[in-house]
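Summary of the model geometry
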Amino acid sequence: MKLGDFTTLAKAYVNRPGYSLRVLRALSAYVGAYTENFRVADVGAGTGKLSENLTELGLRGYAVEPNDAMRQEAINIGATLKNFTWSKGSAEQTGLADNCVNWVFMASSFHWTDKKAALHEFHRILAPGGFFTALWNPRDIEKNELHMEIESIIKSYIPDLKRVSSGSASNMSGMEEALVSTGEFENLIFTEAPHIEVMSVERYIGAWRSVNDIQAQAGPEKFEKIIKDIENLLKNQDTVVVPYKTRAWTVQAK
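The sections below set out a description of the structure shown in this document. (Residues numbered from 1 in each chain as written. Predicted model: local features only at pLDDT ≥ 70, side-chain atom pairs only at ≥ 80, totals over all residues. Heavy atoms only, no water.)

1. A short note on helix α7 (residues 201–209)
- The complete set of buried residues in α7 reads Val201, Tyr204, Ile205, Gly206, Ala207 and Trp208.
- Packing partners of the buried residues in α7 comprise α5 (145–157), β6 (185–200), α8 (212–233) and β7 (239–253). (Buried < 20%, exposed > 50% of the residue type's maximum accessible area, 1.4 Å probe, protein only. Helix = DSSP H or I, 4+ residues; strand = E, 2+ residues; numbered from the N terminus. Contact = heavy atoms within 4.5 Å.)

Quick look at the structure:
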């Protein structure tokens, strides 16, 4: 599996959690999202996990995704089609019109971009004074014995594992500087909140199967061994309680 290629993972993405609605509601109030004709863009939208959350909050706009399989899976699921128009595009070339949205998001995907090119593009499609939010949804597991044991299983197979980004503090060095590096954005704020997802063991394993960077570094044989060891660890459980922490960086267009 190629690092950053999610083509074969689209079907597994349904198992992933959404984002903290507390964070999204707080940010919606901050940016004034509940005004008439307010529009958002979910860029790098994947299969629509964030777009589903935004639909739940009553927001409308565009979902832009470069990967055909991921975008088609979102359309097949259909949960966001009432509020979001889906199209092919990237962070660097969204295909959206100038000044067409008030708020741009990238959920668990900004780390895959050419950041400066993406920021230029977001500034172009934002209305004056609009906002960009980059957010991630890392597991909050440092004090959780079960989840740390699962991390140990993964590290036993991939001792030199390098996560592309989990959104955790250790992986986010330089994010604040990057967001204002082009001179087009200012007024940075950071928001985070924990949330819990209770998953069946089947869904939990499915969520691991949606993770690109571990599979790319492990290779198929080692990755299947990792999955088998996790399944064995959980064999006496019906559900898995997974603690997450949505972490969001928001800047305003000058």
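Right, picking up where we left off after that structure.
2. Points about the packing of α7 against α8
- The interhelical angle for the contact between α7 and α8, taken along N-to-C directions, is 165 degrees, at an axis separation of 11 Å. Viewed along their axes, α7 and α8 adopt a mutual orientation that is roughly antiparallel. Considering the relative orientation of α7 and α8, their crossing is right-handed. Counted together, Tyr204, Ile205, Trp208 and Arg209 of α7 and Ile214, Gln215, Phe223, Glu224, Ile227, Ile230 and Glu231 of α8 form the full contact between these two elements.
- Tallied by class, residues from the contact of α7 with α8 come to seven nonpolar, one polar and three charged. (Axes fitted to C-alpha atoms, helices over the stretch in contact; angles between N-to-C directions. Parallel < 35°, antiparallel > 145°, perpendicular 65-115°, else oblique. Left-handed = near helix turned anticlockwise from the far one by under 90°. Nonpolar A, V, L, I, M, F, W, Y, C, P; charged D, E, K, R; others polar.)

3. Some thoughts on the nonpolar core
- Counting 25 residues, the largest nonpolar core has Leu24, Val40, Leu50, Leu54, Trp103, Phe105 and Leu135 as the members making the most contacts within it.
- At the level of elements, α1 (21–31), α2 (49–56), β3 (84–87), β4 (101–107) and β5 (126–136) are the ones that each hand at least two residues to this core.
- Here this core gets five residues from one element, more than from any other, and that element is α1.
- For Val40, the residues in contact, after removing those within four places along its chain, are Leu54, Leu59, Arg60, Gly61, Tyr62, Phe84, Val101, Trp103 and Phe105. (Core = buried A, V, L, I, M, F, W, Y, C linked by side-chain atoms within 4.5 Å.)

4. A short note on the packing of α5 against α8
- Between α5 and α8, whose axes approach to 9 Å, the crossing angle comes to 140 degrees. In this view, α5 runs oblique relative to α8, as classed from their interaxial angle. Handedness of the α5/α8 crossing: right-handed. In contact with Leu146, Glu149, Ile150, Ile153, Ile154 and Tyr157 of α5, α8 contributes Ile214, Lys222, Lys225, Ile226, Asp229, Ile230 and Leu233.
- A class-by-class count of the residues in the contact of α5 with α8 yields nine nonpolar, no polar and four charged.

5. Re the sheet that holds β3
- Spatially, β3-β2-β1-β4-β5-β7-β6 is the arrangement adopted by the seven strands of the open sheet, whose pairing is mixed. Each edge of the sheet is formed by a strand with only one pairing partner; in this case those strands are β3 and β6. The mean inter-strand angle of the sheet, taken between neighbouring strand axes irrespective of direction, is 20 degrees.
- Bridge count between strand β1 (residues 40–43) and β4: three bridges; the pairing is parallel. The residue bridging Val40 from the neighbouring strand is Trp103, located in β4. (Pairing = 2+ DSSP bridges.)

6. Brief notes about unusual backbone geometry
- If you check the backbone angles, Ser108 has positive phi at about 55 degrees while not being a glycine.
- Even without being glycine, Asn187 reaches a positive phi, approximately 55 degrees.
- Mapped onto the secondary structure, Asn187 falls in strand β6.

7. Considerations on the environment of Arg39
- Mapped onto the fold, Arg39 is located in the loop between α1 and β1.
- On the basis of relative accessibility, which here comes to 29%, the residue Arg39 falls in the partly exposed class.
- Here Arg39 is in contact with Arg60, Gly61, Cys100, Val101, Asn102 and Trp103, once residues within four sequence places are set aside.

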